[in-house]
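Results of the structural survey
Here is what each chain is made of, one letter per residue.
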Amino acid sequence: MALTFTLVEGWRHLLDLCQVREDESVVLLHGDASYPEHVAAAKLELARIGAPTVMLQLGESARRPKSGKLIALGPTALAGNKAAIAAMKAADIVVDLFGMYRGAEQHEIQAAGTRVILVKEPPETFLRLLPQYDDKRRVEAAKRCLENARTMHITSKAGTDLRVELGEFPCLTQYGFTDQPGRWDHCPSTFVAIWPNELSANGTVVLAPGTTILPFKSYVRTPVTLTIRDGFIRDIAGDFDAQYLRDYMASFDDPEGYAVAHLGWGLNRNARWTTLGLQDKFQTNGMDSRCFYGNFMFSTGQNADIGGTRHTACHLDIPMQGCSITVDGQAMVIDGDVVADEQKVRA
Ligand SMILES: [Fe+2]
């Protein structure tokens, strides 16, 4: 997609939601993989606002994969880059078109009060799923259902029956824009999630055909049954898709990769689970799948980001259709339809 007036308007809308003012300093972080149309459109809009902007292009990552090891999640060119980190800590907002790893450097930047908005999807997806102000209200209503809860129970007609305990860790909200000091968000987005208490997840999760596994960026075609005991996946059963998942996870040689991580549901009415099948894998970050309305997003891996004990490079996001979610016995999602956020807003 070329730079268009529509894309510039999209950026105007996003930067408006992020409340970028002319007296704020901005870092526009980008790298070789950033969409040049986004770089150009964001730059134009920041110039229109009149906010002093630094274009910060990161060099190549210093990390080297160990022979035969995958890097799914881990430090990037930002790791140990004192000049880049100092520039971002000094800014009011970072527009991140690079995709900084959500690890120590990002926390340091946020702790300095800098707000961060990440944009990694291509212009077409960015415009189609552009956040609206009301998304924040709906996401925060869902968060109010979750933040003081003690239990979550997920079921599905395909056979999922998973129970977890809550309370040790905070909620993750993504409404697609960043409007408070220190807040990180991802555009496009719109979902709510929470990490279960360590060792508390028990039951079965069935990945029915149509389930998306990220980072594979592909759909499950044959059912996969995950047996979960005391917080960890203990068995992965099924045909080809189970074998693929088993071998992928085993390649990390890391027991912590099997832990149940953030769990939540999507709230974006414009996102579609089918979109992923229409896109080239390198064209998308999979946000349609992560946030489509009424999904149940199951995940595995680290929880150190939010104060837990697990550090692992193996991380899977697995959005599913047609699940039901109850929180402290109250229905949030029934058969893939969100029933809680609107009720809470009316109350
Ligand atoms: Fe995740």
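First, a word on scope: everything that follows refers to the structure included in this document. (Residues numbered from 1 in each chain as written. Predicted model: local features only at pLDDT ≥ 70, side-chain atom pairs only at ≥ 80, totals over all residues. Heavy atoms only, no water.)

Coordination sphere of the iron ion, protein contribution only: His262 (NE2), His315 (NE2), Asp317 (OD) and Asp317 (OD), at 2.2 to 2.8 Å. Taken together, the four donor atoms surrounding the iron ion define angles of 50 to 118 degrees at the centre, an arrangement classified as irregular. Of note, the iron ion draws all its donor residues from one chain, in the sequence arrangement H-x52-H-x1-D. Taken together, the residues His262 in the loop between α7 (240–250) and β15 (263–266) and Asp317 in strand β17 (residues 316–320) connect sequence positions 55 residues apart. Given a relative accessible area of 7%, His262 falls into the buried group. (Donors = N, O, S within 2.8 Å, 3.2 Å for Na, K, Ca; no water. Tetrahedral: all angles 85-135°; square planar, octahedral: opposite > 155°, others 65-115°. Helix = DSSP H or I, 4+ residues; strand = E, 2+ residues; numbered from the N terminus. Buried < 20%, exposed > 50% of the residue type's maximum accessible area, 1.4 Å probe, protein only.)

This part is about the nonpolar core. Soluble globular proteins: nonpolar side chains tend toward being buried together. Grouped together as the largest cluster of nonpolar side chains are 76 residues, with contacts concentrated most on Trp11, Met152, Leu207, Leu226, Leu245, Trp265 and Phe298. The residues touching Met152, leaving out its near neighbours within four places in the chain, are Leu146, Leu162, Arg163, Val164, Leu166, Ile194, Leu263, Trp265, Ile325, Thr326 and Val327. Leu29, Ala77, Ala84 and Ile109 belong to the second largest nonpolar core, which has 16 residues in total. (Core = buried A, V, L, I, M, F, W, Y, C linked by side-chain atoms within 4.5 Å. Contact = heavy atoms within 4.5 Å.)

This paragraph deals with unusual backbone geometry. Cis geometry is found at the peptide bond from Cys187 to Pro188, where omega equals -5 degrees. Within the secondary structure layout, Pro188 lies in the loop between β8 (184–187) and β9 (191–194). Look at Lys217: it is not a glycine, yet its phi comes out positive at around 55 degrees.

So, about the pattern of salt bridges. All told, the structure shown has 16 salt bridges when counted by the stated rule. Among the ionic pairs, Arg48 bridges to Glu45, the shortest N-O distance being 2.7 Å. Taken together, the residues Arg48 and Glu45, both in helix α2 (residues 36–49) and three residues apart, mark about one turn of the helix. We classify Glu45 as buried; its relative accessible area is 2%. Residue Arg290 is joined to Asp317 by a salt bridge in which the shortest nitrogen-to-oxygen separation is 2.7 Å. Of this pair, Arg290 sits in helix α8 (residues 287–291) while Asp317 is found in strand β17, placing the two residues 27 residues apart along the sequence. Three or more residues joined by partner-sharing salt bridges are found here, namely Arg21, Asp23, Glu24 and Arg115. (Salt bridge = Lys/Arg side-chain N within 4 Å of Asp/Glu carboxyl O.)

Quick look at the environment of His315 now. With respect to the secondary-structure elements, His315 resides in the loop between β16 (296–300) and β17. The spatial distance from the C-alpha of His315 to the C-alpha of Leu214 is 8.6 Å, given a sequence separation of 101 residues. Within the local environment of His315, its side chain forms a polar contact with the backbone oxygen of Thr300, the two atoms lying 2.7 Å apart. (Polar contact = N/O pair within 3.5 Å; in protein donor to acceptor, adjacent residues only side chain to side chain.)

Moving on to the packing of helix α1 (residues 5–17) against α2. At a minimum axis separation of 9 Å, α1 and α2 run at an interaxial angle of 60 degrees. When the axis of α1 is compared with that of α2, the two are oblique. As for the relative orientation of α1 and α2, their crossing is right-handed in sense. Residues Leu7, Val8, Trp11, Arg12 and Leu15 of α1 form the contact with α2, whose participating residues are Glu37, His38, Ala41, Ala42, Leu44, Glu45, Leu46, Arg48 and Ile49. Its residues assigned to classes, the contact of α1 with α2 comprises nine nonpolar, one polar and four charged. (Axes fitted to C-alpha atoms, helices over the stretch in contact; angles between N-to-C directions. Parallel < 35°, antiparallel > 145°, perpendicular 65-115°, else oblique. Left-handed = near helix turned anticlockwise from the far one by under 90°. Nonpolar A, V, L, I, M, F, W, Y, C, P; charged D, E, K, R; others polar.)

This next bit is on the sheet that holds β8. The strand order across the open sheet built from five strands is β2-β1-β3-β4-β8, with neighbouring strands paired in parallel fashion. For this open sheet the edge positions go to β2 (53–57) and β8, each flanked by a neighbour on one side alone. Each strand of the sheet is rotated relative to its neighbour by a mean of 20 degrees, with strand direction disregarded. Examined bridge by bridge, strand β1 (residues 26–30) and strand β3 (residues 93–96) share four bridges and lie parallel to one another. Looking at β3, one finds that Leu28 is bridged to Val95. Sitting on the sheet, α2 is in contact with β1, β2 and β4 (115–119), with an inclination near 170 degrees to β1. (Pairing = 2+ DSSP bridges.)

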